[in-house]
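Here's the letter readout for the chains.
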Amino acid sequence: MSSITTPHALDALYDDRAIAVVRVPVIPDPVELCRALATGGIRSVEFTFTTPGVEALIRAAADARADHGAVIGAGTVVDADTARRAIDNGAQFLVTPGLSEEVAEVALAAGVPFLLGAMTPSEVMRAAALGSHAVKIFPAATMGSGFLKDLRGPFPELRLVPSGGLHAGNAREYIQAGAAAVTAGSSVVGAAHVAAADWAGVAARATAFTEAALLP
């Protein structure tokens, strides 16, 4: 299995070793949200298709990326149509909850990097074979950081990104287990804080997450 090259759109993810997964029902200002996360050291932002009107949010954030400095991705991309709509609205990378050959095909054709979701060794192998630039291990906290370390054994050349249930208190364990990056979810971008446009609070929690996970 060959090693995976780093597309430009994922450079920030690999440099910061963190990605914010925004799974909330209301986002009053996606541009300010991205700015807050980038200020806190998380420049890769994944807007999920579980949020109503997410396409417009992706477009607004993508149009302002030179201003806020974040890289805009789309998550919970489950089929070819969703992948196309995400890309058409400016998503720079795609993330799936599980294996999806049709999403991989659309992304490869468009030259957009993607992370396929996987859990088992067989799924990790299939994700890599489909061209996944990194493999999202989901739900990570269900199995724990020891499981990720075990996966690194047979797949030392693959970039594994654990997602689901990570927070400032346990993210470092996954970095130490060999994660290429870790995901910050509701502990950083909680629904109430985002709905209230508490951008200073989001930035502070992003900073706390990255410092807890990554600083010596």
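For the structure itself, consult the block above.
We now turn to the structure provided with this report. Remember, predicted model here, so these are calculated numbers, not experimental data.

Moving on, we come to the overall build of the protein chain. A tally of helices and strands in the protein chain yields twelve helices and eight strands. Relative to the globule expectation of 17 Å for 216 residues, the C-alpha radius of gyration of the protein chain, 16 Å, shows essentially globular dimensions. Expressed along its principal axes, the backbone C-alpha trace of the protein chain runs to roughly 45 × 40 × 25 Å. Burial statistics for the protein chain: of 216 residues in total, 55% are counted as buried. Considering only contacts in the protein chain between residues 6 or more positions apart, those separated by 24 or more positions represent 61%. About 8,600 Å² of surface is accessible on the protein chain, with carbon and sulfur atoms providing 54% of the total. Averaging the positions of the 15 positive and the 21 negative side-chain charges in the protein chain gives two centres separated by 4 Å.

Among the structural elements, Lys136 can be located in strand E6 (residues 134-137). For the buried Lys136, no salt bridge exists, and the shortest N-O distance to an oppositely charged side chain is 4.7 Å, to Glu46. Aside from chain neighbours lying at most four places away, what touches Lys136 is Val95, Thr96, Pro97, Leu116, Gly117, Ala118, Val161 and Ser163.

Each aromatic ring pair is characterised by the separation of its centres together with the angle its planes make. Throughout the structure, instances matching the rule amount to zero aromatic pairs. When the ring centre of Phe138 is taken as reference, the NZ or CZ atom of Lys136 above it lies at 4.9 Å. Of note, Arg159 hangs over the ring of Tyr14, and the distance from its end group to the ring centre comes to 4.3 Å.

Right, let's talk about the nonpolar core for a bit. Leu33, Leu37, Phe47, Leu94, Val124, Ile137 and Val182 are the most contacted members of the largest nonpolar core, which totals 66 residues. A per-element tally of this core places helix H12 (residues 199-214) first, with six residues. Beyond its immediate stretch of four places on either side in the chain, Leu37 contacts Ala20, Ile42, Val45, Val188, Val189, Val202 and Ala206. Core analysis: the next-biggest nonpolar cluster, separate from the first, contains twelve residues, Leu10, Val95, Ala134 and Val161 among them.

A few words now on the pairing of strand E2 (residues 44-48). Counting buried residues in E2 gives five out of five residues, a clear majority hidden from the surface. Side chains of E2 alternate between two faces, with Ser44, Glu46 and Thr48 and Val45 and Phe47 buried alike. As defined by bridge partners, strand E1 (residues 18-22) adjoins E2 across three bridges and the pair is classed as parallel. Following the sheet pairing, Val21 is matched in E2 by Glu46. Handedness of the β-α-β unit built from E1, helix H2 (residues 30-39) and E2 comes out right-handed. Sheet topology places E2 next to strand E3 (residues 71-75); five bridges connect them, and they run parallel. Paired with Thr48 across the two strands is Gly75, which belongs to E3.

On to helix H7 (residues 121-129). All of the buried residues along H7 are Val124, Ala127 and Ala128. The buried side chains of H7 occupy one side of the element, clustering within an arc of 95° when seen end-on. H7 presents Ser122 and Ala129 as exposed residues on the side facing more than 90 degrees away from its buried surface. With its phi angle positive at about 100°, Gly131 sits one or two positions after the end of H7.

What counts, and where the lines are drawn
Residues numbered from 1 in each chain as written. Predicted model: local features only at pLDDT ≥ 70, side-chain atom pairs only at ≥ 80, totals over all residues. Heavy atoms only, no water. Helix = DSSP H or I, 4+ residues; strand = E, 2+ residues; numbered from the N terminus. Rg over C-alpha atoms; globule rule 2.2 N^0.38 Å. Buried < 20%, exposed > 50% of the residue type's maximum accessible area, 1.4 Å probe, protein only. Contact = heavy atoms within 4.5 Å. Areas by Shrake-Rupley, 256 points an atom, 1.4 Å probe, with all protein chains shown as cover. Lys, Arg positive; Asp, Glu negative; His and termini not counted. Charge placed at Lys NZ, Arg CZ, Asp CG, Glu CD. Salt bridge = Lys/Arg side-chain N within 4 Å of Asp/Glu carboxyl O. Phe/Tyr/Trp six-rings, centres within 6.5 Å; stacked < 30°, edge-to-face > 60°. Lys NZ or Arg CZ within 6 Å of the ring centre and 35° of its normal. Core = buried A, V, L, I, M, F, W, Y, C linked by side-chain atoms within 4.5 Å. Pairing = 2+ DSSP bridges. Right-handed = clockwise from strand over helix to strand, strands pointing away. Arc of directions from axis to C-beta.

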